[in-house]
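Notes for the structure review
Chain by chain, the residues run as shown.
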Amino acid sequence: MEKCIQNLRSQSPLIHCLTNYVTANDCANLLLACGASPIMGDAEEEVEEITQLSDGLLLNMGTPKNRTLPVMLKAGKRANELGHPVVFDPVGVGVSAFRRNIANGLMNGVHFQVIRGNLSEIKFLAGLCASFKGVDAGQEERLTSDKIEDLLPFLQSFAENRQAVIVVSGEVDLVCDGGKAYAIRAGHPLMAKVTGTGCMLSALITAYVTANSSHSLLATVAAVCAMGLAGEKAALRMSNQEGSNSFRCYLIDAISQMTPKDFALESETERLLSRIRI
Amino acid sequence: MEKCIQNLRSQSPLIHCLTNYVTANDCANLLLACGASPIMGDAEEEVEEITQLSDGLLLNMGTPKNRTLPVMLKAGKRANELGHPVVFDPVGVGVSAFRRNIANGLMNGVHFQVIRGNLSEIKFLAGLCASFKGVDAGQEERLTSDKIEDLLPFLQSFAENRQAVIVVSGEVDLVCDGGKAYAIRAGHPLMAKVTGTGCMLSALITAYVTANSSHSLLATVAAVCAMGLAGEKAALRMSNQEGSNSFRCYLIDAISQMTPKDFALESETERLLSRIRI
Amino acid sequence: MEKCIQNLRSQSPLIHCLTNYVTANDCANLLLACGASPIMGDAEEEVEEITQLSDGLLLNMGTPKNRTLPVMLKAGKRANELGHPVVFDPVGVGVSAFRRNIANGLMNGVHFQVIRGNLSEIKFLAGLCASFKGVDAGQEERLTSDKIEDLLPFLQSFAENRQAVIVVSGEVDLVCDGGKAYAIRAGHPLMAKVTGTGCMLSALITAYVTANSSHSLLATVAAVCAMGLAGEKAALRMSNQEGSNSFRCYLIDAISQMTPKDFALESETERLLSRIRI
């Protein structure tokens, strides 16, 4: 994991983000903070060229538009051809037939290195029904420790089937591929009070995976740990009067100040990672 | 009013925002801060489905696009059918024929629980001419205490006619329906130095009214008071070097930290509310 | 320069921004912070009316869309007719044929008072090839002091040819017209860790030039100095735990707190301006 952040810092990959207008600014700032560079450009006329000059691609389905599917398909296919990592964030996939159609089109046309969502979104993607409340996981669909054992076979077979790393964000974050799974207990409840923490995590994963493309699973774990640690550091800085917007600022601050050393302490790593299956 | 914020916190309503790309992030963060959840999705293909699974709807007319009117009409009509509160923010209605056309279409096709704007925007909506400067109220059109007496009959007849609560933001904020009116003297001049404080107030009103739908007038007053109090709290935190962006952060912080207790002090409430007509 | 900021504060010009969705919020907040007012509205149906009621126009080419060229042409031509200053920020002009086509169309159809970009963008615009990495200047294309002497004749002939002020942002910022050139050594490396500092500078230049339209060159220099000073002030406020997002907040804070006095100190001005040609 220490090596993952070192590679990110030394390579400073350029990440092409096709993302929503609500959190685009936060994603751009987070990418700069972590050591990557963002490039946004979602016009059908230019999307392939931008994918081509980038190192990795993020497809975030929030606030989809009329041409979102063809634009994302073009970018995703080009990235696949070039061997660039592609990360998919199926924001609110259950909220409309329109988003389901986009998600289906993307799942059929693009290979993703990593797919990240909350439990409802991932279950929906995997073809199961899910109870939705907006773009955040409903209470009953929030990933908690006691659900992991039941869910894991299902998630790993989805991962195996897609040949992708699957990330389910929740009270505990689960990262798995077909063979291994990690449960990461980090972060802070205030993260749910800031819009776009999920979008930012997907952007961070894209940066980590792009800089460590031969180790997608480990790089994804490193990114999820980095976000969790950043949330904890941000919470420690909070004083009495400070609320959710100060926390958001401290969260991005913490990402910008993270060093390989933050991952180097054995004890810290052990605390974060309770490996639940090999 | 104490009850209004309690209901908001306990119900955590999902607010569908059709809003501009400039302040969408701030509105989403403010909604999370106040205890609600935001969902943004403005594609014609999905807008009705999203309205359907939400609890309340905000129509904010900033940065309108080609399809803004039909999209907002679809969402607004569906919300009306479902009995969901709909709040209208006619941002810059006077700046172009295009916006006037959108506003007219919406006023004819949708029933609003609350309409909030600055004095120019509200006068324009009500069919009077107004002198505009951008999307902010011109100096001469800023609502001040001395204008209230003259304006009130006009505003209340507009409210009566629309069966809506009307909010005019300015140096003093006026909230009225056909029967009652409240003048709220709260807030801080720095709020005019932050983009989107009007948009954020409209989002906050939507959250309060959705959680207290049988008391729209009181819920709107509570939201306007909450924003004003937040502005005052934010101003108190400002130290020497801090400027408009720190203030913006503190404003959202204050909303996230507000508790029913903030509304419980009789003296505070009396200071805020000078009821000017019953 | 002292006079430039005084004029900006007293006139409070309304700036029409046709800009990208990633940094629109930051640009709006920066314009309010410096004493101007922003208005965003990029629908083809209303763009000319908004230009007409504004005092100055910013065309920022980030995240271009299908209709970006005709919309910007309409606004730019109307602004030219009205004698309003127009500032052009050719964000990422080299990344796609689509952006090159927009830039060409604008360069042929609109007269700009000021054109601001990084070295790659400006070289591209001027018809030279450039090595690009995303929307930020590649390392080898970053403007440094030792390159100025070589580049100056080229930049000044471009400025002369376009009858415009040219700004090249980099380690040192160069501002020139056909006759004079200034090298401004200010700012802080953390500015590169915040998205949109270039977009914000272009917005700031638009505000300064609009309030001082008969002195475009000097007003541009004042805006570049203001941004640089703000970056230095922001950096001075940074404490141990603070990272890139705190810096971004402090940067806008510093713009909002800047006074004519900040420009009044002879010594400060001399430190900033090493006039390199008259």
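Residues numbered from 1 in each chain as written. Chains lettered and ligands numbered in written order. Predicted model: local features only at pLDDT ≥ 70, side-chain atom pairs only at ≥ 80, totals over all residues. Heavy atoms only, no water.

Things to note about the pattern of salt bridges
A side chain with one charge can pair with a side chain of the opposite charge if their charged atoms come near. Per the counting criterion, the structure on display carries 33 salt bridges over all chains. Across the salt bridge formed by Arg78 of chain B and Glu48 of chain B, the nearest N and O atoms sit 3.5 Å from each other. Separated by 30 residues along the polypeptide, Arg78 of chain B in helix H4 (residues 68-82) and Glu48 of chain B in helix H3 (residues 47-53) bring together distant segments of the chain. The class for Glu48 of chain B is partly exposed, based on a relative accessible area of 26%. Asp89 of chain B serves as the salt-bridge partner of Arg116 of chain B, at 3.1 Å between the closest nitrogen and oxygen. Note that Arg116 of chain B is positioned in strand E5 (residues 114-118) and Asp89 of chain B in strand E4 (residues 86-89), a separation of 27 residues in sequence. Residue Asp89 of chain B is classed as buried on the basis of its relative accessible area of 1%. If you follow the salt bridges from partner to partner, you end up with Glu48, Arg78 and Glu81 of chain A in one network. (Salt bridge = Lys/Arg side-chain N within 4 Å of Asp/Glu carboxyl O. Helix = DSSP H or I, 4+ residues; strand = E, 2+ residues; numbered from the N terminus. Buried < 20%, exposed > 50% of the residue type's maximum accessible area, 1.4 Å probe, protein only.)

Here we look at the UniProt feature "binding site: ATP" (unreviewed entry) in chain A
Residue and element names in this part refer to chain A. Per the UniProt entry, the sites bearing "binding site: ATP" (unreviewed entry) are Arg116 and Ser169 in this numbering. Sequence-wise these annotated residues cover 54 residues; spatially they are packed, their C-alpha atoms never more than 7.4 Å apart. Arg116 gets classed as buried once you look at its relative accessible area, which sits at 5%. Here Ser169 is to be found in strand E8 (residues 165-169). Take Ser169: its relative accessible area is 15%, and that puts it in the buried class. In this structure the side chain of Ser169 is engaged in a polar contact, spanning 2.7 Å, whose partner is the side chain of Arg116. (UniProt positions renumbered as here; feature names shortened; annotations may be inferred. Polar contact = N/O pair within 3.5 Å; in protein donor to acceptor, adjacent residues only side chain to side chain.)

Concerning the state of the cysteines
The term disulfide refers to a covalent linkage connecting the sulfur atoms of a pair of cysteines. All names here are of chain A. Tallied over the entire structure, the rule returns 0 disulfides over all chains. With no disulfide of its own, Cys176 lies closest to Cys225 among cysteine sulfurs, the gap being 15 Å. Cys176 sits in the buried class, given a relative accessible area of 1%. (Disulfide = S-S within 2.5 Å.)

Description of the interface of chain A and chain C
Between chain A and chain C, the contact holds 32 residues from the first and 30 residues from the second. Buried surface at the junction of chain A and chain C, summed over both partners, amounts to about 2,500 Å²; 48% is from carbon and sulfur atoms. One can count 3 salt bridges joining chain A with chain C. Across the salt bridge formed by Arg100 of chain C and Glu49 of chain A, the nearest N and O atoms sit 3.9 Å from each other. Residue classes in the side of chain A that touches chain C are distributed as 14 nonpolar, 10 polar and 8 charged. (Contact = heavy atoms within 4.5 Å. Buried area = accessible area lost by both parts, 1.4 Å probe. Nonpolar A, V, L, I, M, F, W, Y, C, P; charged D, E, K, R; others polar.)

Observations concerning the relation of the copies chain A and chain B
By a simple turn and slide, chain A fits onto chain B: the slide is 0.0 Å along the axis, the RMSD is 0.0 Å, and the turn is 120 degrees. The relationship between the two copies is best expressed as a three-fold rotation axis. No C-alpha of chain A approaches the rotation axis more nearly than that of Tyr21 of chain A, which lies at 3.6 Å. With a heterologous cut-off of 20% or less, the 7% of interface residues of chain A that recur at the interface of chain B puts this contact in the heterologous class. (Least-squares fit on C-alpha atoms with pLDDT ≥ 70 in both.)

Digging into the UniProt feature "binding site: substrate" (unreviewed entry) in chain A
If you check UniProt for "binding site: substrate" (unreviewed entry), the listed places come out as Met40 and Gly196 of chain A in our numbering. Inspection of the secondary structure puts Met40 of chain A in strand E2 (residues 37-40). With a relative accessible area of 8%, Met40 of chain A lands in the buried category. Apart from the residues lying within four places of it in its own chain, the contact partners of Met40 of chain A are Cys17, Thr19, Ala24, Cys27 and Ala28 of chain A together with Tyr21, Val22, Thr63 and Arg99 of chain C. By relative accessible area, which is 13% here, Gly196 of chain A ends up buried.

A look at the environment of Pro64 of chain B
Looking at the element boundaries, Pro64 of chain B is found in the loop between strand E3 (56-60) and H4. Along the primary structure Pro64 of chain B and Ile102 of chain B are separated by 38 residues, whereas in three dimensions their C-alpha atoms are 8.6 Å apart. Aside from chain neighbours lying at most four places away, what touches Pro64 of chain B is Phe98, Arg99 and Ile102 of chain B together with Ala43 and Glu46 of chain C.

Side note on empty space enclosed by the protein
Empty space among the atoms can be located by rolling a probe the size of a water molecule over them. Following the criterion strictly, the structure yields 2 cavities of 30 Å³ or more and no others. Approximately 100 Å³ is the volume found for the largest cavity. If you go around the largest cavity, you meet 15 residues; those closest to its centre are Asn25 of chain A, Val22 and Asn25 of chain B together with Val22 and Asn25 of chain C. Every element with two or more residues in the lining of the largest cavity is listed here: helix H2 (24-34) of chain A, helix H2 (24-34) of chain B together with helix H2 (24-34) of chain C. (1 Å grid on protein atoms, 1.4 Å probe; cavity = no way out; pocket = protein on both sides within 12 Å on 5 of 7 lines; lining within 4 Å. Points joined across faces, edges and corners; volume = space filled by probe spheres on them.)

Quick notes on the nonpolar core
By size, the foremost hydrophobic cluster in this structure holds 183 residues, and its most contacted members are Tyr208 of chain A, Tyr208 of chain B together with Tyr208 of chain C. The contact partners of Tyr208 of chain A, leaving out residues within four places of it in the chain, are Cys4, Ile5, Leu8, Ala219, Ala222, Ala223, Ala226 and Phe263 of chain A. Ranked by size, the runner-up nonpolar core spans 41 residues in total, among them Met72, Leu106, Phe158 and Ala183 of chain C. (Core = buried A, V, L, I, M, F, W, Y, C linked by side-chain atoms within 4.5 Å.)

Digging into the pairing of strand E8 (residues 165-169) of chain C
Residues and elements named next belong to chain C. Of all 5 residues in E8, 5 are buried; the element is thus mostly enclosed. Here E8 shows two buried faces, one formed by Val165, Val167 and Ser169 and the other by Ile166 and Val168. Pairing between strand E5 (residues 114-118) and E8: 5 bridges, direction parallel. Pairing of Gly117 across the sheet is with Val168, part of E8. Bridge count for E8 against strand E9 (residues 173-176) is 3 bridges, and the pairing is antiparallel. Pairing of Ile166 across the sheet is with Cys176, part of E9. Linking E8 to E9, which pair antiparallel, is a turn of 3 residues. (Pairing = 2+ DSSP bridges.)

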